[in-house]
Amino acid sequence: MAPRGRHRSSAPLQVLLFLNGWYCATYFLLEAFVFVYKVLLLPYPVSNLVVDVVLLLLYLGIEATRIFFGSKGNLCERKVPLSLSLALTVPAAVLAVYYLLLQTYSLRLEAFLSAILLLFYGLELLLGFLALLSFSRCHIPGAGGRGAGAARKATGALYKRLTTSSEFITQFQPIQRQI
């Protein structure tokens, strides 16, 4: 946890995650409506439509998980959930590139929406890594920084004194129970 009075969570990252949550919902709905439009007006192969819809549902699951872990990791100042969120950004970005370039029919609206989504991902990666660096710099007593050498010496001397002391050794002898 951060020292008292000092918060290491990133407010810009939290705002970006919040906005991306709303944008993700909007993106999903618009893509769903665009699929309906394309099926009605274009000769869309059924197998390609199934793949595109399954990938859109996969995108929704990845994105919801990514935003949840990113938000919790940032607010609780935990490295593991935030790292998981940053790792999930890669498959989400790959799916955004798929909808930008590789799907059967790509409309200009989809290209515009996917470009905005990739911009969100780039900013979130940058702010996420900065937040991780901030979480990693928290001070742990005796682990480094000013006075770490003296703390290690004191701990080492205490350990040496306790392990050579006969009082310490007798405390840990097995207790015999009477039945």
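Above this text is the structure in question.
Below you will find a few notes about this structure. What you are looking at is a predicted structure, and each value in this text was computed from that prediction instead of being measured.

### Some words on the side chain of Ser-10
So, point 1. By the secondary structure assignment, Ser-10 is in the segment before helix 1 (11-41).
So, point 2. Those residues in contact with Ser-10, other than ones at most four positions away along the chain, are Asn-74 and Ala-131.

### Focus: the packing of helix 1 against helix 2 (residues 46-75)
So, point 1. Relative orientation of the contacting elements helix 1 and helix 2 amounts to 170 degrees, with a least axis distance of 10 Å. Classed by the angle they form, the pair helix 1 and helix 2 counts as roughly antiparallel.

### As for a nonpolar patch on the surface
So, point 1. On the surface, Val-15, Phe-18, Leu-19 and Trp-22 cluster together into a nonpolar patch covering about 460 Å² of accessible area.
So, point 2. Locating Trp-22 in the fold gives a position in helix 1.
So, point 3. Given the relative accessible area of 58%, Trp-22 is considered exposed.

### Thoughts on the packing of aromatic side chains
So, point 1. Under the definition given, this model contains seven aromatic pairs.
So, point 2. Ring centres 5.3 Å apart and planes at 75 degrees place the aromatic pair Tyr-98 and Tyr-99 in the edge-to-face group.
So, point 3. Using a relative accessible area of 16% as the deciding quantity, one classes Tyr-98 as buried.
So, point 4. Given a relative accessible area of 0%, Tyr-99 falls into the buried group.
So, point 5. An aromatic cluster is built from Tyr-23, Tyr-27, Tyr-59 and Phe-120, whose rings are joined through pairwise contacts.

Parameters and conventions
Residues numbered from 1 in each chain as written. Predicted model: local features only at pLDDT ≥ 70, side-chain atom pairs only at ≥ 80, totals over all residues. Heavy atoms only, no water. Helix = DSSP H or I, 4+ residues; strand = E, 2+ residues; numbered from the N terminus. Contact = heavy atoms within 4.5 Å. Axes fitted to C-alpha atoms, helices over the stretch in contact; angles between N-to-C directions. Parallel < 35°, antiparallel > 145°, perpendicular 65-115°, else oblique. Patch = residues over 30% accessible without salt bridge, like charges linked within 9 Å, V, L, I, M, F, W, Y side chains within 5 Å. Areas by Shrake-Rupley, 256 points an atom, 1.4 Å probe, with all protein chains shown as cover. Salt bridge = Lys/Arg side-chain N within 4 Å of Asp/Glu carboxyl O. Buried < 20%, exposed > 50% of the residue type's maximum accessible area, 1.4 Å probe, protein only. Phe/Tyr/Trp six-rings, centres within 6.5 Å; stacked < 30°, edge-to-face > 60°.

Read these as layout, nothing more, since geometry by itself doesn't imply function.
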